[in-house]
Each structure stands twice: as structure tokens, then as C-alpha cells.
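Coordinates in review
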Amino acid sequence: MKELKLDEKTYFNKISFPSFERIKKGPVAIIECIEDIPCNPCETICKFGAIKVGFPITNLPILDEEKCTGCGRCVPVCPGLAIFVLDYNFNEKDCLLTIPYEFLPLPEEDEKVKCLDRDGKFVCDGKIIKVIPPERNAMTAIISFAFPKKYYNKIRSFKR
Amino acid sequence: MKKKDLRIYKHPILGDMPEKKKIYIYFNEKKLTAYEGEMIAAVLYANGIRKLRKTERFKKPRGIFCAIGRCTDCVMTVDGIPNVRTCITPVKNGMKIEFQVGLGKWKKKIW
Amino acid sequence: MEEKDLVIIGGGPAGLCSAISARKKGIDVLIIDENLRPGGQLFKQIHRFFGSKEHMAGVRGFIIGEKLLKEVKELGVEVWLNSIAYGIFKDKIIGVIKDGKNTHIKAKSIIISTGATENPLSFPNWTLPGVMGAGACQTMINIHRVLPGKKVLMIGSGNVGLIVSYQLLQAGAEVVGIVEIMPKIGGYLVHAAKIKRFGVPIYLSTTILEGVGKDEIKGAVICPVDENFKPIIKRKKYIDVDLICIAVGLTPLNELLYQAGCLFTYKGYLGGLVALHNENMETTVENIFVAGDCSGIEEASTAMEEGKLAGIAASEKIRNKKWEEEKEEIRKHLNDFRIGTFGEKRKLSKEEIIKEYYERIKT
Ligand SMILES: Cc1cc2nc3c(=O)[nH]c(=O)nc-3n(C[C@H](O)[C@H](O)[C@H](O)COP(=O)(O)OP(=O)(O)OC[C@H]3O[C@@H](n4cnc5c(N)ncnc54)[C@H](O)[C@@H]3O)c2cc1C
Ligand code: SF4
Ligand code: SF4
Ligand code: FES
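The rules behind the values
- Residues numbered from 1 in each chain as written.
- Chains lettered and ligands numbered in written order.
- Predicted model: local features only at pLDDT ≥ 70, side-chain atom pairs only at ≥ 80, totals over all residues.
- Heavy atoms only, no water.
- Helix = DSSP H or I, 4+ residues; strand = E, 2+ residues; numbered from the N terminus.
- Rg over C-alpha atoms; globule rule 2.2 N^0.38 Å.
- Buried < 20%, exposed > 50% of the residue type's maximum accessible area, 1.4 Å probe, protein only.
- Contact = heavy atoms within 4.5 Å.
- Lys, Arg positive; Asp, Glu negative; His and termini not counted.
- Charge placed at Lys NZ, Arg CZ, Asp CG, Glu CD.
- Buried area = accessible area lost by both parts, 1.4 Å probe.
- Salt bridge = Lys/Arg side-chain N within 4 Å of Asp/Glu carboxyl O.
- Polar contact = N/O pair within 3.5 Å; in protein donor to acceptor, adjacent residues only side chain to side chain.
- Axes fitted to C-alpha atoms, helices over the stretch in contact; angles between N-to-C directions.
- Parallel < 35°, antiparallel > 145°, perpendicular 65-115°, else oblique.
- Left-handed = near helix turned anticlockwise from the far one by under 90°.
- Nonpolar A, V, L, I, M, F, W, Y, C, P; charged D, E, K, R; others polar.
- Patch = residues over 30% accessible without salt bridge, like charges linked within 9 Å, V, L, I, M, F, W, Y side chains within 5 Å.
- Areas by Shrake-Rupley, 256 points an atom, 1.4 Å probe, with all protein chains shown as cover.
- Near = heavy atom within 4 Å.
- Pairing = 2+ DSSP bridges.

1. Quick word on the overall build of chain B
A tally of helices and strands in chain B yields 1 helix and 10 strands. Ordered by position from N to C terminus, the α and β elements of chain B give β-β-β-β-α-β-β-β-β-β-β. Taking 13 Å as the expected radius of gyration for a compact globule of 111 residues, we find that chain B reaches 14 Å, a close match to that expectation. The C-alpha extent of chain B, read off along each of the three principal axes, is 45 × 25 × 25 Å. In chain B, buried positions account for 50% of the 111 residues. A separation of at least 24 residues holds for 44% of the contacts in chain B among residues at least 6 apart in sequence. Where the 26 positive side-chain charges of chain B centre and where its 10 negative ones centre are 5 Å apart.

Quick look at the structure:
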């Protein structure tokens, strides 16, 4: 049976994906929003003016990678849950991905998890580094987890 | 009770289920725990009971379909009154709910 | 018989907003809603809404609902709950079953904002317990907080099917898959991505052949279709599920408008037959207005703006005043919402409705 497949190619050339030079410099937002949705809270929340939607609000969000500090404020406000923050230099081996998470039970810091790609397929093992509880962001938790750098553009979620 | 039934006690967005007064209702002869404010059909579904009635001619089982009182698939006999839409009728302590076949029978006079 | 300036039938986002805007103009307003709590679809919507800052973007639907209810209460709008409006008769007399008893009320002006109903889909065994509308399932999990099944098959990949699937995961169910008969998904990719990344498969060019079970659903047979949407039977597949949810669109709930004698037109992009109305949301029957999903399936955001517009327009007539600037502002907002792949078509349909209103009102 034919299935909807999502991977890095789905977004290739359609989003303002940060350049590899920028990714190597430190935390940066990755916005996987490629349809003309009438929506712009990502633009409104960013204190650094790093995301531009403009008018009409169906424009795709465009990231100014130099202005983005990777602060992560845009992660919980996106109704499409389509914004992630990637810290490529988390440590020698691993990168760190920050995602919005709206399920129970919440994972615990230091917990081992299975990292999944955009289709929910298992890719590799990883570790939860930080959990910001849901109460702080109108019931969207923010989870940061680490996994080998080579999967930085493959992994987008985890399971326990 | 808590673990076995199908109520969603903890929810990532809606939080914990608010404390509500515990009451009892009867499905046929079976005693079921319910909470004040719950709808009859929700209590039955929470206990895994999804067959609420059978149709008149073909005796086909029916359960909740619309959950907002529009389709009448969920009608049952409640305290002797047939054809009560159980998805929008709240429970009362001691209420007697019966499986209904066809149009049901009046067991209680209301006028 | 009791008499009111303005009676609003249906207390969803459209009805609540029209009540608020009319009350602010000093109008005596009554809302009639069949539920035990007003708010319509909003209280089922636990996800964050799209939109812009001025329109509560990123706020969850039920939080918007709570805000509207608070405002309605503060303004002292009268609300009849557990009350079904069953008919609109001559001289704007409305028949209502209130708390199980028949009553009548007379209105100078009526706004009809009754929302929509879910489209059914028939397949063998679709009447068994364990088959329900996606909206029904949403009511069960988010309002009644009971899981109607543990392993779910969703039919339809529009935004409703995608969002309810996500909410089923949040409620602790397993979504075994979504089937979509078209070769691509109907809703937004972001909504699909958020369930895909937790492993929910979305089968394209695939349909349901039958539900399986004797007394309740125990499984389903799904099957790929060819370019002509004909099932390729030899590739059918059985899957174990105990709940099948149908998310194949909504139809405006407009019997009352029909009964009141309003003229209709067919607009596919708006969900079917809809009442003609002018730029003030007034139908072809004078002083009967329409707003929200029952005037064409759109979204809560547009329902709220249409509600405000109808509320002000109805007040103008009752008070014999003009608030043209306010109305113009609301129309601007409506146009702001009606953009993008989905919005553009709805905008055109709405413009056609207004045009046809003026053509047919003459005759
Ligand atoms: C799964 C899902 C996700 C959605 N997500 C979004 C989203 O992200 N953003 C967004 O903007 N919109 C969203 N919507 C759409 C939004 O919920 C609706 O467009 C909106 O609720 C329509 O408002 P309304 O007031 O017209 O109708 P409703 O909300 O349906 O309210 C109508 C009310 O009238 C009552 N009624 C009907 N007939 C009678 C009668 N005869 N007598 C008395 N009362 C009556 C009904 O019971 C109901 O309470 C979503 C919808 C669904 C199903
Ligand atoms: S991560 Fe921070 S700086 Fe970067 S776009 Fe998001 S809000 Fe702006
Ligand atoms: S908030 Fe999210 S869904 Fe909305 S435009 Fe920004 S990235 Fe897209
Ligand atoms: S399930 Fe439709 S009326 Fe109860």
C-alpha cells in the first residue's frame, strides 16, 4: 500500500534550512513549514526578528540564520509543531535536538530513548538531556535529546 | 477501578480528571461506578459496554455514532422510559439503564 | 409570548461572538443552544489554532471558548441551555424544546449559527458499535474523557482526520493508520508530520472495504484503489482495530434556514447547500441572519468574524443606526483569513453567494 513518506527531501529547497556553516556555529531553529498556512506566531514571538512571514500571512516563514540565537522561544508556540532547535555542537559525538512534546508520561532527564525519523521509524539510541515541563508553555513540554551528529537532519522525535 | 476502565484520568493538555462525586448506576442488573456529570453512554463505554441496543427489524446492534444527540443510535431505556439518547443524558444516582430492542417498551407512565 | 430583540440559535463561536457584539450595542439578546454548555465545537479543540496575534494565534481552541463564555457572562447575555430550536414560524416565532418542554419565543431579528454535521460514509458493517464520526470520537476523548476504542483506524486525511488522530494519541490510543482514497493528503502537512513522526502510517490511494465484527468492530479490511478509485481487491488487507473513525467532511446544518424560507445555492468548497446572504450576513428573508459553519464550512476564526458581523448588522436594524466602519473592519479580517490554498476558494464562493443574493432577491 502506498504510504505518505516524509524525510529530509520533503523539505529540501522548500524551507529556509540553515546552512551547514551556520549549523556548525551553534543552536539554530529549523522550521519545517512548507505550505501557505494563514499563520504567523513564530514571527511574532521571536525577539531577534529572525523569522519573517510578513504579509499576507500565508507566506512561508523565512529564517534569518544570522539573527537566530537558537533560544527556542518559537518551538512551543507553533501550532503546526513544526519548529525544532538544533545544537550541532552539543558535544564531541552528539548533537542536541529540541522539540515540542504533548504526550504523557513525560520522559526523564538522562533517560535512554529510541530516536525516530520523520516517519516514526527507529534510527538509533539517544538520551534525554532536558525537559521543560508543559505548564510553562500552555501545556506544550519542550524536550531536548542527544544523538549522533550524523543524524542531525534525519531524527525528529523519540519513543521511550 | 481506576486502572481497568477506559476513562482518561491523565491528559497531557487537559490535565488530571477533576474530582467528581462518585455515584452508582445499573446497566441491566450490573452495578457500575459513575461520576456526577458524566453521560450515560460515556459510563457504559468506559466499562467496555458498546452495544447499547438492537434495531427493530434486523436486530442489528448499535452504539454511539455522533455523541452529540443527533443520530439516535445510542437510545436506551432509562428508568423505564425508552428511546432516551444516552450520549447526552447525564447519569443520576441509582439510575436503571436497560439494553433496548427495537422501539422499546414503556415501563413507566409519565402522564 | 416572550419577545426578544435578537435571538441567536446555536451558541458556538459564531453565535457567542454575535451575542457579544450585539450586546455591546445595547441589544437585548438571547442565545439558544441544545447543549448543557455553550461553545459548540471549540471545547473539543485542544490543539493550538493557526492565525495571527490579533486573532489569538497559537491559543488552544478550548481556551478561546473559555474567553468567549466569560465575556458573554460579564455582558449579561441571556442563555437558554438544553434547548433545541425546532422551528421558525411566521412573524419570527421560534419553537423551542427547553428542558424537555415546548415553548415559543418571538424575535425582531434572528441569527442562525447552528454549525455543521459530520458526513457519514457507508461500508459493510458501518452501523456496528465501534464505528463513529471523528467529531464524535473527539467529543468522547476530550469532553467525556473516555476512550471509545484502543486501536483506531481513521478514514480521511483532511485536517479533521489528522487532528483527531493526533488527539487520539494524546488520549493514549494507538492509531493503526489513516486511509485516504486520494493520492495525496487532504489536510496540512504539518498536521500529518506530527503524527507521522510518532509512527502512524498514512495510506494514500487506499480505502476501507468493510468493517469486521459481529456485535462490535473487531477489525477492518482496507484496500488500495486504482486511478479510477476502484479497489484493487487482490491487494486488500485485514487489520486489527476496535474503532473506526469517519472523517470525510462536514455539511452545513441549515434546516432552520430552509424552514424559514431562505433561498439556497450549492457551493462545493463550502460543504454543500448554503443559504444566500449579503455582505451583512442577512439571508433572503429580512432580519434573518446566518453565521459560521452553517453558512459554509470554514473555521472557528471565520465563524467568529461572521458572527460579529451578523451581530452588528442585526443591531443596526433594531436600533436604526449605522456602524459601517466597524463592519468594514470585520470584512477586512474575513478577507485576511480567506487566503491560501483552502481559503482562496472559500473566498470566491462567498463572493458568488453575495452576488447571487442580489440577483435572486429582485425576483
Ligand atoms: C477536528 C477539528 C479541528 C478544528 N480545528 C480548527 C482550527 O485549528 N482552527 C479553527 O479556526 N477552526 C477549527 N475547527 C473548526 C471550528 O471548530 C468550527 O469551524 C467552528 O466551531 C464553527 O463554529 P460555529 O459557531 O459556526 O458552529 P459550532 O461550533 O458547531 O456551534 C453550533 C452550535 O449550535 C448548536 N445547535 C445546532 N442546532 C441547534 C438547534 N436547532 N437548537 C439549538 N442549538 C443548536 C450546536 O449544538 C452547537 O453548539 C476544527 C474543527 C474540527 C472538527
Ligand atoms: S530560536 Fe529564538 S531566535 Fe531563533 S527563530 Fe526561534 S525565537 Fe527566534
Ligand atoms: S507558527 Fe508554525 S505553522 Fe505557523 S507559520 Fe510559523 S512555522 Fe508555520
Ligand atoms: S450517539 Fe448519536 S444521538 Fe447519541
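Next, the rest of the story.
2. Examining the interface of chain A and chain C
At the junction of the two partners, chain A supplies 44 residues and chain C supplies 41 residues. Across the chain A/chain C interface, buried area totals approximately 3500 Å², and carbon plus sulfur atoms make up 62% of it. In terms of surface lost to chain C, no three residues of chain A exceed A:Met1, A:Leu4 and A:Phe103, which account for 22% of the buried area on that side. Ionic pairing is found between C:Lys196 and A:Asp119, a salt bridge with its closest N-O pair at 3.1 Å. The interface formed by chain A and chain C contains 22 residue pairs in polar contact (both at pLDDT 80 or more). Residue assignment for the side of chain A that touches chain C shows that the elements contributing at least two residues are helix H1 (8-11), helix H3 (41-45), helix H4 (74-77), strand E6 (112-117) and strand E9 (155-159) of chain A. In terms of residues, the side of chain A that touches chain C owes the most to one element, E9(A), which gives 3 residues.

3. Overview of the packing of helix H7 (residues 300-319) of chain C against helix H8 (residues 324-337) of chain C
Helix packing for two helices is described by the angle between their axes and how far apart those axes are. Residues and elements named next belong to chain C. The N-to-C vectors of H7 and H8 enclose an angle of 160°; their axes lie 10 Å apart at closest approach. For the element pair H7 / H8, the angle class is roughly antiparallel. Both H7 and H8 take part in a crossing whose hand is left-handed. Across from Ser301, Thr302, Glu305, Glu306, Lys308, Leu309, Ile312, Ala313 and Glu316 in H7, the residues of H8 making contact are Glu324, Glu326, Lys327, Ile330, Arg331, His333, Leu334 and Phe337. By residue class, the composition of the contact of H7 with H8 is 6 nonpolar, 3 polar and 8 charged.

4. Focus: a nonpolar patch on the surface
All names here are of chain C. The grouping of Ile84, Tyr86, Phe89 and Ile97 at the surface amounts to a nonpolar patch, some 310 Å² of accessible area in total. Among the elements that take part in the nonpolar patch, strand E4 (residues 83-89) stands out by supplying 3 residues, more than any other. Summarising the element assignment, Ile97 is placed in strand E5 (residues 93-98). For Ile97, a relative accessible area of 32% corresponds to the partly exposed category.

5. Points about the site of ligand 2
All residues adjacent to ligand 2 are A:Cys46, A:Phe48, A:Ala50, A:Ile51, A:Leu63, A:Cys68, A:Thr69, A:Gly70, A:Cys71, A:Gly72, A:Arg73 and A:Cys74. Across the shell around ligand 2, the residue classes break down as 8 nonpolar, 3 polar and 1 charged.

6. A closer look at the interface of chain B and chain C
Of the residues lining the interface, 31 residues belong to chain B; the matching set on chain C comes to 39 residues. For the chain B and chain C pair, buried surface summed over both sides reaches about 2900 Å², with 60% attributable to carbon and sulfur atoms. Three residues, B:Ile8, B:Arg50 and B:Phe65, lead the burial of chain B against chain C; their summed loss comes to 25% of the area buried on that side. The tally of links from chain B across to chain C stands at 3 salt bridges. A salt bridge links B:Arg70 to C:Glu34, with the nearest nitrogen and oxygen atoms 2.6 Å apart. The interface formed by chain B and chain C includes 12 residue pairs in polar contact (both at pLDDT 80 or more).

7. A closer look at the environment of C:Glu329
Within the secondary structure layout, C:Glu329 lies in helix H8. For the pair C:Glu329 and C:Glu305, spaced 24 residues apart in sequence, the C-alpha to C-alpha distance is 9.9 Å.

8. Side note on the sheet that holds strand E13 (residues 219-224) of chain C
Residues and elements named next belong to chain C. Strand order across the open sheet formed by 3 strands is E12-E13-E14, with antiparallel pairing between neighbours. Looking at strand neighbours, the two that pair on one side only are strand E12 (206-212) and strand E14 (237-240), the edges of this open sheet. Ignoring which end each strand starts from, the neighbouring axes of this sheet average 30° apart. Where E13 meets E14, 4 bridges bridge the pair, whose relative direction is antiparallel. Bridging across to E14, Gly219 finds its partner in Asp240.

9. A look at the site of ligand 1
Around ligand 1 there are 35 residues in total, and C:Glu34, C:Gln41, C:His47, C:Ala85 and C:Asp293 lie nearest to it. Residue neighbours of ligand 1 fall on chains B and C, so the site bridges chains. Residue C:Asp293 places a main-chain N or O atom 2.8 Å away from an oxygen atom belonging to ligand 1. Surface burial for ligand 1 is 93%, taken as the share of its 1000 Å² of free accessible area covered by protein chains. Breaking the shell around ligand 1 down by element, the ones donating at least two residues are helix H1 (13-24), E4, helix H4 (159-170) and H7 of chain C.

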